[in-house]
Each structure stands twice: as structure tokens, then as C-alpha cells.
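Descriptive analysis of the structure
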Amino acid sequence: MALDSPSDAPPTFFAPWPDRLRHSAIILLAAALALTGLVLLDELLPFRALAVFLCIAGAALVPWRLHSAVAKREEERHANPVEAAAVSAVVAGIPVPAVLLDRAGRVIHLNAAAAQLAPALRKGELAQFALRTPEIITALREAIASTELRRATYHDHVPVDRWTELIITPVPVPTAFGGTDKCMLMTFHDLTPLRRVEEMRADFVANASHELRTPLAALSGFIDTLQGPAKDDAKARERFLGIMHTQATRMARLIDDLLSLSRVELSAHVQPHTMVDMVAIIRQVTDGLEPLARERQVEIETSLPDAPVTIAGDREELLRVFENLIENALKYGASGGRVIVSLEQAVSGEGTPEIRVKVRDFGPGIAPEHLPRLTERFYRVDVGDSRAQGGTGLGLSLVKHILNRHRGRLLIESVPRKGAAFTACFPQSKPARAA
């Protein structure tokens, strides 16, 4: 059984008396001294002095504001309901920047996101003085004049490009006298991610069309040549057929990468759960790329544990990840003469255990300005060299999307003329069943 503490006990009639006595102590002390002096000087009889003191004490101690609670409720009833703490809490809880204005456009409430978006906004001041964007001022004036919903989209260039949609919604609110009035709720919605996606989609279509157009044009030109001037030239025919095969292979790789990227994006929200052995996958990839390594005169060195290392993953996608990383190292880092593939268990910056697979080459390296964009679609450090090596410009983008699906990450380190290192990091899982 729980016992109520003294602080939780309900207030009684006698509870306020100690406070009243403390607040009236000086008055009572002064009255007592004065009356005592009069009694000693025979100016006042003792019983009369006592009667006067009791009257003064009663006047000082009696709580004259007997109806303070009722008066407080009356004050609250006549206050502006829109300025209540509950309305402020609702505005503060809106997940996007939000500002509540009165009919004149003065700020009543705003949340933290709105204060961060427009630091000049102040309660009790006109919002149009803080929001200088012409589209916002026009929409605000129209909404105040018509008390109808208004929308406006504007583009900020500083500090970075950002597109925002403003929605001004009239909100009926009660008044202090029982009527209704209209306030304006301004909400700001960030459209930048949607604009970025639209731009990326447009760039993707343009780049894919360009990448496909080049081999198609080459194939078409060689076919015309073989049907015309080189019809009976066996030597030219063999050379042209070899070039056509190279172009057709490049186009097939591009289409294959596009389809793989599309499949990974469709299943990006579904994390794999099948346990796979990373050591076995890496050995399979390095064994399959030995012919390419011999052709490029590069030695593949591996530093792998003897025991299986398992994670939750998709075997085919992981094969694609390490094929891309090791093949890139063999093609673009061949001048270093060797490629090191290592696997280690480490701890991430958040303190969680993870598996790290590093592919290190000793080639020319990558300039720092290219590193942030390496995983973009169709981005190439050297366009001519990439196409000569048979690259599609989608390999690292595919690697990034596969790692995202596995809840992993890609670390890229490079120093010009000292090579590059690509590290695929995966969250460590408890082994369940191996695929």
C-alpha cells in the first residue's frame, strides 16, 4: 500500500496561515512595540491595548481574496484562446516549419523548425518583415485579404540551392467573446529532394541514351562498311568484326548494369536475411579474375581468415560488388603490379561490430576532387580511359546501392600516385544458415 507524502497532501484551511504570519510579521511586531510603549506610559490600558493588537492581527492575517481562484478562471476565460499553451504545443509539434498568424499577419506561435528557417521571425511582429521573398509576401497578402488557401513555390540560392513550397491555410478559431475568427497557418515544405530526383532522372535518361548511342552508331557504321567498300576485303572484315564484337559487348554490359541497378533499387528497402560466407565469395571472385590479372600482369594478394565469416546478405549481389571492386583495381591500378584483398572484423564509429573487405591497388590513384562523385551514375574520372577499359560508368553506383540494401557503406581512400583503397563495410550478424 502506497503512502502519500506530506507534499502530496491536499491543502487545508490552515495550510496558508504560516505564510500569512511570516508576511505580516513586521506589521505585528511594530504594532506590538507601539502598544507596549503606550501601556508603559499609562496612555492606554492593557486590555484595550490587547484588543487593538487583536484587531490589527486579524486585519493582517485574514485572507481578503477569498475568490482568487474564481477571478483567475474569469481572467483565463476572457484571454485570447489562440494564445493558449495548448495551441502553442500543437504548432510546436508540427513536423515541418510552421507559423500561426493572426488576421493582420502578426506572429502568434512558431515552432523551432520555422525559427531555424527564418531567424528574423518574432512573436507579435508582422511576418512579412521577416520573410522578404516576393512569392511569400504576395501569397500572404492574398491569403489575408481573401481568407482562402494559398500556395507558393520559391527557390533559395543561398547558402545552397533549395526549393520550398509555402502553404497558407485559414484556420477558424474561437474568440474571447464566443465568436469565431480566422488565423493563418503557414507551413513550409522542402521540395529539394523531389527536384533532385527529377534532375537525376533526366540526367540518367540523357546519359543512358548517350552511352547506348555510341556503340549503336559504331555498329551501324561498320555494317554499312562491310556491306559496301569492304564487302570483299577479308582482312578489313576480320578487323571490323572484332571492333563490332567489342562494341556489342560494351552495350550488353551497359544494359546488364542498368537492369541490375534497377533490380537493386526496387528491393532496396528489403534487407537480406540469408547467411552467406564472405570468405568463400571473395575466393570465388579472385579465382574468376585470375585470367584478367595475368593479362594485366597484376598479382592478386589475399589476406583472408581460414574460418568462415558470415553476414546476412544476397550471394549474387555480393559477388557483383567484389567483382566490380577487384576488376576496377586490376584495370585502373594495373601499373602498381599488385592488388591486395583483405577481410577484417572491426568496430564502426557507432560502436557496432562490422565486417570490412578492403580492395587496395597501387596504381596512379584518384584526385581528391573526384572522390565525392565516384558513386554517381555514369561519372568517370577519365572518360576515354574508362571506355577503353570497357567500363559503363555504373559499377560503383551499383556497388553503393547493393551496400545500402545490406545496410552497409563504402569507404574510399586515395592518394595520387600512391593508389586507392575501396572498403566495403557490412554489419556483423550471428550465423544462422549458410547459402
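About the criteria used
- Residues numbered from 1 in each chain as written.
- Predicted model: local features only at pLDDT ≥ 70, side-chain atom pairs only at ≥ 80, totals over all residues.
- Heavy atoms only, no water.
- UniProt positions renumbered as here; feature names shortened; annotations may be inferred.
- Axes fitted to C-alpha atoms, helices over the stretch in contact; angles between N-to-C directions.
- Helix = DSSP H or I, 4+ residues; strand = E, 2+ residues; numbered from the N terminus.
- Parallel < 35°, antiparallel > 145°, perpendicular 65-115°, else oblique.
- Left-handed = near helix turned anticlockwise from the far one by under 90°.
- Contact = heavy atoms within 4.5 Å.
- Buried < 20%, exposed > 50% of the residue type's maximum accessible area, 1.4 Å probe, protein only.
- Pairing = 2+ DSSP bridges.

As annotated in an unreviewed UniProt entry, the protein chain carries the name histidine kinase and comes from Bradyrhizobium denitrificans. In its Catalytic activity (unreviewed entry) section, UniProt records this for the protein chain: "ATP + protein L-histidine = ADP + protein N-phospho-L-histidine."

**So, the packing of helix H10 (residues 234–266) against helix H15 (residues 395–405)**
As a packed pair, H10 and H15 sit with axes 9 Å apart at the nearest point and diverge in direction by 20°. On the basis of their axis angle, the class for H10 and H15 is roughly parallel. Like other packed secondary-structure pairs, H10 and H15 cross with a definite hand, here left-handed. Contacts between H10 and H15 pair Ser260, Leu261, Val264 and Glu265 from the former with Ser397, Leu398, His401 and Ile402 from the latter.

**Let's talk about the pairing of strand S12 (residues 420–427)**
S12 sits mainly inside the fold: 7 of its 8 residues count as buried. Bridge count for strand S10 (residues 353–361) against S12 is 7 bridges, and the pairing is antiparallel. Across the sheet, Arg356 pairs through a bridge with Cys425, a residue of S12. Relative to S12, strand S11 (residues 409–414) is paired through 6 bridges, and the arrangement is antiparallel. Looking at the pairing, Glu413 lines up with Ala421 of S12.

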